[in-house]
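One-letter residues, chain by chain:
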Amino acid sequence: MADCLFCKIVAGDVPADIIYESDTAVAFRDISPKAPTHVLVIPREHISTVNEVEPSHERIVGSLFSAARQVAEDEGLAEAGYRLVMNCNEGAGQSVFHIHLHLLGGRRLGWPPG
Ligand code: 5GP
Ligand code: ZN
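In this report, the structure presented in the accompanying data block is examined. (Residues numbered from 1 in each chain as written. Chains lettered and ligands numbered in written order. Predicted model: local features only at pLDDT ≥ 70, side-chain atom pairs only at ≥ 80, totals over all residues. Heavy atoms only, no water.)

Listed as protein donors to the zinc ion (ligand 2) are Cys-4 (SG), Cys-7 (SG), His-46 (ND1) and His-98 (ND1); their distances from the metal cover 2.0 to 2.3 Å. Every donor counted, the 4 donor atoms about the zinc ion (ligand 2) form angles of 105 to 117 degrees at the centre, which fits tetrahedral coordination. Mapping the donors of the zinc ion (ligand 2) onto the primary sequence yields the spacing C-x2-C-x38-H-x51-H. Here Cys-4 matches Cys-7 in class, with each residue buried. (Donors = N, O, S within 2.8 Å, 3.2 Å for Na, K, Ca; no water. Tetrahedral: all angles 85-135°; square planar, octahedral: opposite > 155°, others 65-115°. Buried < 20%, exposed > 50% of the residue type's maximum accessible area, 1.4 Å probe, protein only.)

We now examine the sheet that holds strand β2 (residues 25-29). Pairing is antiparallel in the open sheet, where 5 strands are placed in the order β1-β2-β3-β5-β4. The open sheet has two free edges, formed respectively by β1 (18-21) and β4 (82-85), since each of these has just one partner strand. Here the strands of the sheet are splayed against their neighbours by 20 degrees on average, with no regard to which way each runs. Both β2 and strand β3 (residues 37-43) contribute to a ladder of 5 bridges, which runs antiparallel. By the bridge assignment, Ala-25 is partnered in β3 with Pro-43. Across the sheet, helix α2 (residues 58-74) touches β1, β2, β3, β4 and β5 (101-105), and the angle it forms with β3 is around 155 degrees. (Pairing = 2+ DSSP bridges. Helix = DSSP H or I, 4+ residues; strand = E, 2+ residues; numbered from the N terminus. Axes fitted to C-alpha atoms, helices over the stretch in contact; angles between N-to-C directions. Contact = heavy atoms within 4.5 Å.)

This part takes up the pattern of salt bridges. All told, the structure shown has 5 salt bridges when counted by the stated rule. The residue Arg-44 makes a salt bridge to Glu-21 at a minimum N-O spacing of 3.0 Å. With Arg-44 in the loop between β3 and α2 and Glu-21 in strand β1, the pair connects residues that are 23 residues apart, well separated along the chain. Residue Arg-29 is joined to Glu-75 by a salt bridge in which the shortest nitrogen-to-oxygen separation is 2.9 Å. (Salt bridge = Lys/Arg side-chain N within 4 Å of Asp/Glu carboxyl O.)

Next comes the structure, spelled out in structure tokens:
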């Protein structure tokens, strides 16, 4: 998607602090972190929202969790705990329309989210 910020990060056209890459997923630090560790895990393929996820995406979407698990381990969060969040559409806070898992950790996380 020519107009998509996260497609541009995947393509290397917009710089990002990339900390993990696989054939299907890329993880990089959020530009405006909401926790000591705040990483975004995205598919290389453009999928706008969870509403567009199809059965054919299952391998790709599953790989986001494998990526998140590895990042959490690398960041030293696996034992203490961390949160994975995927917002869908504006009402839930989605502002970039290329699906992404937020990986948040390094502080106590309240529940439920606001
Ligand atoms: P959303 O609001 O869609 O759930 O999450 C989008 C996230 O992308 C936000 O946490 C925001 O800080 C982050 N973000 C927006 N623009 C950029 C950017 O150019 N680079 C990086 N690394 N993160 C960004
Ligand atoms: Zn995209």
